[in-house]
Amino acid sequence: MNENAYKVLIGFTKLTEAEKAVFIAEINKYQNSSDYGKIELTRTFSSKSVGPKNTICTCCGR
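Remember, it's a predicted structure, so these values are computed and weren't measured experimentally. Numbers given to residues run from 1 along each chain, matching the order in which its sequence is written. Thresholds applied to this predicted model are a pLDDT of at least 70 for local features of residues and 80 or more for the giving and counting of side-chain atom pairs; totals over whole chains, interfaces and linings are not thresholded and use all residues. Working from all heavy atoms in the structure, the side-chain values ignore hydrogens and water.

### Details of the overall build of the protein chain
No. 1: Labels follow the DSSP assignment, with helices taken as runs of H or I lasting at least four residues and strands as runs of E lasting at least two, numbered in each case from the N terminus. Broken down by element type, the protein chain carries three helices and zero strands.
No. 2: Secondary structure elements of the protein chain, listed N to C terminal, follow the sequence α-α-α.
No. 3: Evaluated residue by residue, the protein chain yields a buried proportion of 6% over its 62 residues.
No. 4: Residue exposure ignores everything except the shown protein chains as possible cover, and the areas themselves are Shrake-Rupley values with a 1.4 Å probe. Carbon and sulfur atoms form 58% of the exposed surface of the protein chain, whose accessible area is close to 5300 Å². Classification of residues uses two cut-offs on accessible area relative to the type maximum, computed with a 1.4 Å probe and protein chains only: under 20% is buried, over 50% is exposed, and between them is partly exposed.

Here it is as C-alpha cells:
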C-alpha cells in the first residue's frame, strides 16, 4: 500500500460507523460514475475545505 492510501485508511479508521457508511457510499458513487461524473464529483469535493486549521493535514499535505 502506498503512503497516500495508508494515510487515508488511518483517517477512515478514526471515523464513527455512521461516518464510515457515508464515506463508503461516496466512494461507491465515485467508482460507479462515468468519467464526466468523476470530474464533477472531484470538482465538488475539492471545493470544500476539509483540512485542519493551523497545521498540515496528514492526508492531503495542505
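Let's pick the thread back up.
### What to know about the pattern of salt bridges
No. 1: Counted as salt bridges are all cases of a side-chain nitrogen of Lys or Arg within 4 Å of a carboxyl oxygen of Asp or Glu. Counted under the stated rule, the structure contains three salt bridges.
No. 2: A salt bridge links lysine 20 to glutamate 17, with the shortest nitrogen-to-oxygen separation between them at 3.4 Å. Of this pair, lysine 20 and glutamate 17 are both found in helix α2 (residues 17-31), three residues apart, which corresponds to roughly one turn of the helix.
No. 3: The buried category is assigned to lysine 20, whose relative accessible area is 16%.
No. 4: Between arginine 43 and glutamate 40 there is a salt bridge; the shortest N-O distance is 2.9 Å. Remark: glutamate 40 and arginine 43 occur in helix α3 (residues 35-46); sequence separation between them is three residues, near one turn of the helix.
No. 5: A residue is classified by how much of its surface remains accessible, and arginine 43, at 49% relative accessible area, is partly exposed.

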